[in-house]
Amino acid sequence: MSGLWFLALGYGVIWLVLFAYVLSLVYREQELRREVKFITQILKDGEVALPTAQRESPPAEGPREAREPSAAT
Amino acid sequence: MMKLSERIVGLDGLREDGVLRWALPRVAAISVLVGLYFAFIFAETEATMGDVQRIFYFHVASAWVAFLAFFVVFVTSIAYLRTRNWQWDSIACSAAEIGTVFTTIALISGSIWAKKAWGAYWTWDPRLTTTLILWLIYISYLVLRRMVETPQQRAAFSSVLGIIGFVDVPIVFLSIRLWRTIHPVLISQEGMDMTGRMGAAMGVAVIAFTLVFATLVVIRVSLERRRVELDAVKAHLGLY
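Residues numbered from 1 in each chain as written. Chains lettered and ligands numbered in written order. Predicted model: local features only at pLDDT ≥ 70, side-chain atom pairs only at ≥ 80, totals over all residues.

**Student:** Quick question: what am I supposed to make of the overall build of chain A here?
**Tutor:** Along chain A, the regular secondary structure elements total three helices and one strand. The N-to-C order of helical and strand elements in chain A reads α-β-α-α. Residues counted as buried form 21% of the 73 residues belonging to chain A. (Helix = DSSP H or I, 4+ residues; strand = E, 2+ residues; numbered from the N terminus. Buried ≥ 20, exposed ≤ 12 C-beta atoms within 10 Å, placed from the backbone.)

Printed below as a string of structure tokens:
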């Protein structure tokens, strides 16, 4: 096989792996949006208030710092 | 009081579309195109290997980005263990994932180049072997994160692995100087073993892939932070 064939194969693999990773990010982003939409639908049935005191306690599924950015928005 | 519906508004990603998320992908894409121009047209054809040598530019750039990513994992893992701030762990796990992707690219593109240059896709050369070990270390890092369920434990264990795993990076870099190897030594005491145009093409490819890395980190960290936040909201609603 010629050098050009290996060159095409090499660059093909580089872009294929990168493209596959970007696609996986897009998929995970869409999955997250779907979940947000699902939770928004649940909340439409009845607003659930989150008291400040509760927000400051450590979350069940993640450390406190993880919750601070959106709590401030 | 903050309503949960208000709290999850930021999770759809709309508020995260800042200048970084707008500008970085565009700059990275343009620089990759410039890098391809330099690699395929600007740089002269190598005398011995011919056109297949052009794999080298983005192969080296991939290896550089992998080293950079694992350095980020190393620094942010130390920062997490010192501060216990969740943001550091988000950056560390994002960089580890992206670093593993670029190590995969470096290994595969190197193997394809090796087939033409050495006649075999793989040899147990010190550079190739230590790079494979590096890849396995960070695959273990990602597997570990999936296996540990408690977030604090997950962050702490993976931080320790992120710090210890980085020890292999200087070994990979020095392997071609410490042991007998058939892998080319690009930078030696005599300078760079390539022409000025080839050096320029390599530099542009390194800059281009560094920008791609920065873009992916911004996107991946944003995703990770929103994922953690959403998990906290779901736990509050009792959806687990």
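**Student:** What's the story with the overall build of chain B in this structure? I'm lost.
**Tutor:** Per the secondary structure count, chain B includes eight helices and three strands. The secondary structure elements of chain B, listed N-terminal to C-terminal, are β-α-α-α-α-α-α-α-β-β-α. Within chain B, the fraction of its 240 residues that count as buried is 44%. Considering only contacts in chain B between residues 6 or more positions apart, those separated by 24 or more positions represent 79%. (Contact = placed C-beta atoms within 7 Å.)

**Student:** Which parts of the structure should I look at to understand helix H1 (residues 3–45) of chain A?
**Tutor:** Helical geometry: 3.6 residues make up each α-helical turn, so side chains three or four residues apart lie on a common side. The first and last C-alpha atoms of H1(A) sit 64 Å apart over 43 residues, in line with the 63 Å expected at 1.5 Å per residue. Along H1(A), the positions that sit buried rather than exposed are Phe6(A), Leu7(A), Gly10(A), Tyr11(A), Ile14(A), Leu18(A), Val36(A) and Ile39(A). Of the surrounding secondary structure, the elements contacted by the buried residues of H1(A) are helix H3 (55–83), helix H4 (86–118) and helix H8 (196–237) of chain B. (Expected span 1.5 Å × (residues − 1).)

**Student:** Which parts of the structure should I look at to understand the packing of helix H2 (residues 19–42) of chain B against H8(B)?
**Tutor:** Geometrically, a packed helix pair is captured by the angle between its two axes and the distance between the axes. Residue and element names in this part refer to chain B. Two elements in contact, H2 and H8, have axes separated by 8 Å at closest approach and are oriented at 155 degrees. Taken together, the axes of H2 and H8 are roughly antiparallel relative to one another. Pair H2 / H8 crosses with left-handed handedness. Looking at the contact of H2 with H8, its residues break down into 20 nonpolar, three polar and two charged. (Axes fitted to C-alpha atoms, helices over the stretch in contact; angles between N-to-C directions. Parallel < 35°, antiparallel > 145°, perpendicular 65-115°, else oblique. Left-handed = near helix turned anticlockwise from the far one by under 90°. Nonpolar A, V, L, I, M, F, W, Y, C, P; charged D, E, K, R; others polar.)

**Student:** Please explain the nonpolar core as it appears in this structure.
**Tutor:** Counting residues in each nonpolar core, the largest one holds 65 residues, and the members touching the most others are Ala69(B) and Ala205(B). Taken together, the elements giving at least two residues each to this core come down to H1 of chain A together with H2, H3, H4, helix H5 (126–147), helix H7 (168–178) and H8 of chain B. If sequence neighbours within four positions are ignored, Ala69(B) has contacts with Ala95(B), Ile98(B), Gly99(B), Phe102(B) and Phe213(B). If you look at the next biggest cluster of nonpolar residues, it comprises seven residues, including Val36(A), Trp86(B), Val228(B) and Val233(B). (Core = buried A, V, L, I, M, F, W, Y, C linked by C-beta atoms within 7 Å.)

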